[in-house]
Amino acid sequence: MKQQVLIENGQLIVPNHPTIPFIEGDGVGKEIWAAAKTIFDTAVKKAYHGEKSVQWCEVLAGEKAYNLTGSWLPQETINAFKHYLIGIKGPLMTPVGEGIRSLNVALRQELDLYICLRPVRWFKGVESPIKHPEKVNMTIFRENTEDIYAGIEWQQGTPEAEKFYQFLSTQMGVNKVRFPKTSSFGVKPVSIEGSQRLIRAAIKYALQHQLPSVTLVHKGNIMKFTEGGFKQWGYALAESEFANEVFTMNQYAKMAKTNGQALADEALQAAKSSGKLIIKDVICDAFLQNTLLKPQDYSVVATLNLNGDYISDQLAAQVGGIGIAPGANINYLTGHAIFEATHGTAPDIAGQNQANPSSLLLSGVMMFDYLGWYEVGQLITQAMEKLFQQGKATTDLVRFMQNGQPLSTSQFTQAVIDNL
Ligand code: NAD
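Residues numbered from 1 in each chain as written. Predicted model: local features only at pLDDT ≥ 70, side-chain atom pairs only at ≥ 80, totals over all residues. Heavy atoms only, no water.

Chemist: Sorry, what's going on with the overall build of the protein chain here?
Modeler: From N to C terminus, the protein chain includes 15 helices and 17 strands. The C-alpha atoms of the protein chain give a radius of gyration of 23 Å, which matches the 22 Å a tight globule of 420 residues would have. Taken along the three principal axes of its C-alpha coordinates, the protein chain extends 60 × 60 × 50 Å. Here the protein chain holds 420 residues, and 49% of them are scored as buried. Look at the contacts in the protein chain between residues 6 or more apart in sequence, and 73% of them connect residues 24 or more apart. A total accessible area of about 20000 Å² is found for the protein chain, and carbon and sulfur atoms account for 52% of it. The average position of the 37 basic charges and that of the 39 acidic charges among the side chains of the protein chain differ by 4 Å. (Helix = DSSP H or I, 4+ residues; strand = E, 2+ residues; numbered from the N terminus. Rg over C-alpha atoms; globule rule 2.2 N^0.38 Å. Buried < 20%, exposed > 50% of the residue type's maximum accessible area, 1.4 Å probe, protein only. Contact = heavy atoms within 4.5 Å. Areas by Shrake-Rupley, 256 points an atom, 1.4 Å probe, with all protein chains shown as cover. Lys, Arg positive; Asp, Glu negative; His and termini not counted. Charge placed at Lys NZ, Arg CZ, Asp CG, Glu CD.)

Chemist: Can you help me understand helix α13 (residues 374–389) in this one?
Modeler: Since the α-helix turns once every 3.6 residues, residues separated by three or four places project in the same direction. Taking 1.5 Å per residue as the helical rise, α13 with its 16 residues ought to reach 22 Å, and the 22 Å between its terminal C-alpha atoms agrees with that figure. If you check which residues of α13 are buried, you get Val376, Gly377, Ile380, Thr381, Ala383, Met384, Leu387 and Phe388. For α13, the angular spread of buried residues about the axis comes to 160 degrees, placing them on one side. On its buried face, α13 is in contact with α1 (29–48), β6 (115–121), α12 (358–371), β16 (392–394), α14 (395–398) and α15 (409–418). (Expected span 1.5 Å × (residues − 1). Arc of directions from axis to C-beta.)

Chemist: Sorry, what's going on with the packing of α13 against α15 here?
Modeler: A pair of packed helices is characterised by two quantities: the angle between their axes and the separation of those axes. In contact at an axis separation of 8 Å, α13 and α15 are set at 120 degrees when each is read in the N-to-C sense. When the interaxial angle is binned, α13 and α15 end up oblique. In this structure, α13 crosses over α15, and the sense of that crossing is right-handed. Counting all contacts with α13, which are made through Ala383, Leu387 and Phe388, the residues of α15 involved are Phe412, Ala415 and Val416. (Axes fitted to C-alpha atoms, helices over the stretch in contact; angles between N-to-C directions. Parallel < 35°, antiparallel > 145°, perpendicular 65-115°, else oblique. Left-handed = near helix turned anticlockwise from the far one by under 90°.)

Chemist: What's the story with the packing of α1 against α15 in this structure? I'm lost.
Modeler: Relative to each other, α1 and α15 sit at 10 degrees, their axes nearing to 10 Å. Here α1 lies roughly parallel to α15, going by the angle between them. Residues Glu31, Ala35, Thr38, Ile39 and Thr42 of α1 pack against Thr409, Thr413, Val416 and Ile417 of α15. Residues that form the contact of α1 with α15 fall into these classes: four nonpolar, four polar and one charged. (Nonpolar A, V, L, I, M, F, W, Y, C, P; charged D, E, K, R; others polar.)

Chemist: Could you clarify how one ought to interpret the nonpolar core in this entry?
Modeler: Generally speaking, nonpolar side chains in soluble globular proteins are found buried as a group. Within the largest apolar cluster, 78 residues are counted, with the highest numbers of intra-cluster contacts made by Ile86, Ile203, Val214, Ile380 and Phe388. Setting aside chain neighbours within four positions, we find Val214 in contact with Ala202, Ile203, Ala206, Leu277, Ile278, Ile279, Lys280, Val300 and Ala302. Residues Val59, Ile78, Tyr84 and Ala106 belong to the second largest nonpolar core, which totals 17 residues. (Core = buried A, V, L, I, M, F, W, Y, C linked by side-chain atoms within 4.5 Å.)

Chemist: Explain unusual backbone geometry to me, please; I cannot follow it from the model alone.
Modeler: A negative phi angle is the norm for most residues apart from glycine, just as the trans form is the norm for most peptide bonds. Positive phi, close to 45 degrees, is recorded for Ala346, a residue that is not glycine. Tracing the sequence through the fold places Ala346 in the loop between β15 (337–341) and α12. The class for Ala346 is partly exposed, based on a relative accessible area of 23%. Even without being glycine, Asn403 reaches a positive phi, approximately 60 degrees. Within the secondary structure layout, Asn403 lies in the loop between α14 and β17 (405–407).

Chemist: What should I look at first to understand the site of the ligand in this one?
Modeler: Not every one of the 18 residues close to the ligand is listed here, only the nearest: Leu92, Gly344, Ala346, Asp348 and Asn356. Within the side chain of His343, an N or O atom sits 3.2 Å from a nitrogen atom of the ligand. Here the residues of the shell around the ligand are counted per class, giving eight nonpolar, seven polar and three charged. (Near = heavy atom within 4 Å. Polar contact = N/O pair within 3.5 Å; in protein donor to acceptor, adjacent residues only side chain to side chain.)

Chemist: Even after reading the chapter, I still don't get the environment of Gly364, so can you show me in this structure?
Modeler: Mapped onto the fold, Gly364 is located in helix α12. Since its relative accessible area comes to 0%, Gly364 is described here as buried. When the C-alpha positions of Gly364 and Ile278 are compared, they lie 30 Å apart, and in sequence the two are 86 residues distant.

Chemist: I keep staring at the side chain of Arg142 and nothing clicks. Help me out?
Modeler: Within the fold, Arg142 resides in strand β7 (residues 137–143). Ignoring sequence-local partners within four residues, the contact set of Arg142 consists of Tyr114, Ile115, Cys116, Tyr149, Leu198, Thr303, Leu304, Asn305, Gly308 and Asp309.

Chemist: Before we go on, may I ask you to explain the state of the cysteines in this structure?
Modeler: Two cysteines form a disulfide when their sulfur atoms are joined by a covalent bond. Considering all chains together, one arrives at zero disulfides under this definition. This cysteine, Cys116, is not joined by any disulfide, and Cys284 carries the nearest cysteine sulfur, 15 Å off. (Disulfide = S-S within 2.5 Å.)

Chemist: Sorry if this is basic, but what is going on with the pattern of salt bridges here?
Modeler: Oppositely charged side chains can form a pair if their charged atoms are brought close together. Considering all chains together, one arrives at 15 salt bridges under this definition. The partner of Lys82 in a salt bridge is Glu110, and the shortest N-O contact between them spans 4.0 Å. In this pair, Lys82 sits in helix α3 (residues 75–84) while Glu110 sits in helix α4 (residues 103–110), placing the two residues 28 residues apart along the sequence. Among the residues examined, Lys82 registers a relative accessible area of 36% and is labelled partly exposed. (Salt bridge = Lys/Arg side-chain N within 4 Å of Asp/Glu carboxyl O.)

Chemist: Got a minute to help me understand the pairing of strand β12 (residues 277–283) in this structure?
Modeler: On a regular strand, one side chain projects to one face of the sheet and the next to the other, so that they alternate. The pairing of strand β10 (residues 213–218) with β12 spans six bridges and is parallel. Along β12, the bridge assignment pairs Thr215 with Lys280. Here strand β11 (residues 246–248) runs beside β12; their pairing, made up of three bridges, is parallel. Each bridged residue has a counterpart across the sheet, and for Val246 the counterpart in β12 is Leu277. (Pairing = 2+ DSSP bridges.)

Chemist: What is the right way to look at the environment of Ile279 in this model?
Modeler: Here Ile279 lies in strand β12. Judged by its relative accessible area of 0%, Ile279 falls in the buried class. Each C-alpha atom, one on Ile279 and one on Val214, is 5.0 Å from the other, the two residues being 65 residues apart in sequence. Each residue touching Ile279, except ones within four places of it in the same chain, is listed here: Ile203, Val214, Leu216, Tyr235, Ala238, Val246, Phe247, Thr248 and Met249.

Dropping the structure here:
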């Protein structure tokens, strides 16, 4: 009888031997999945001595699925993720120019995985382009279903673009389009529900992990109703749903206006010393500067889809971890979550025993944390920390390390296991 993770009243119920579907992935997927699975199983055994284990169940997607079934994303795969709630995946090749939407986007949409969660931290020993990478320790909550990513756009020169422009000019009185005949158009939907469910999850996460702040990152000075709405709805939600647990910079600004700066400062200090979570906001371009100049000022970050895309990569690069950054796509309401390697299929090194399994490994750490099996994540993370400190890593990382020792995928896997 297969055991499955369930959700009841918003709480995950995790059996001792849950079935977890996995997608091996294309290109280097096969190699990094084999490495990760061995490490996961060993760490679970080490942590729970057989009392707990994962029953892995392969589901197909990508090139392997297409070759075996004729479909890039078989319905059985979506059904399995729906049924078992959580899953993990390697990178998938998206065929270019064949009218097939990205498989990752398809999975996110099918399961309404509205949060893209990206923790960013530095591993001692990993080369970084900044002086103090140890000061970067953030968790990014990127909205995953709205914004300009909704894919509502029309190419210039098509009847649809012309029709859309006609609508804008005749029905909406828009006369600001500089070159209407040659413009493509895109629509940016940002809703109250979409923003608030993301921001609510970020606040809950910060409270649960006793973190100091949640920063709403937006470009509301220019896009007042979409990105400005995100900020405004975020503050409103924080002040109504978490009134006793947070202090917002919106409250601070109001207080400063009515009672003066000194009293507002006092209230902020009092909130901080009583351990309240501070909710603040920053304009996206300033945030990107600040993350280089004073990254220690940020902890949990909640942002819209496009900003989140840029921010995740910049922050990952700051800790030298663009190739090892993990990620998860989550719906906390239904419990559905897919954990994934964030890099691509690396066709240039596929099959050469050179691929770095760290991104998939760390996304597995996120998965075990999500299940509440914290001991497993700790074992794996500590083993990786130890190896990186000794300069032991795969070539992609070692080439930036002084006196690093390059290991193949299988050597690195064995070294992690030896250090568990
Ligand atoms: P890529 O991430 O596959 O490769 C970029 C560079 O990083 C390459 O030099 C590669 O060798 C290196 N690299 C990537 N992963 C590595 C690893 N684990 N270990 C060592 N080196 C690694 O990006 P790309 O070349 O732009 O894309 C290739 C394919 O991957 C495309 O079909 C693209 O659509 C797909 N892709 C999938 C995902 C995903 O499934 N999440 C993400 C990005 C790209």
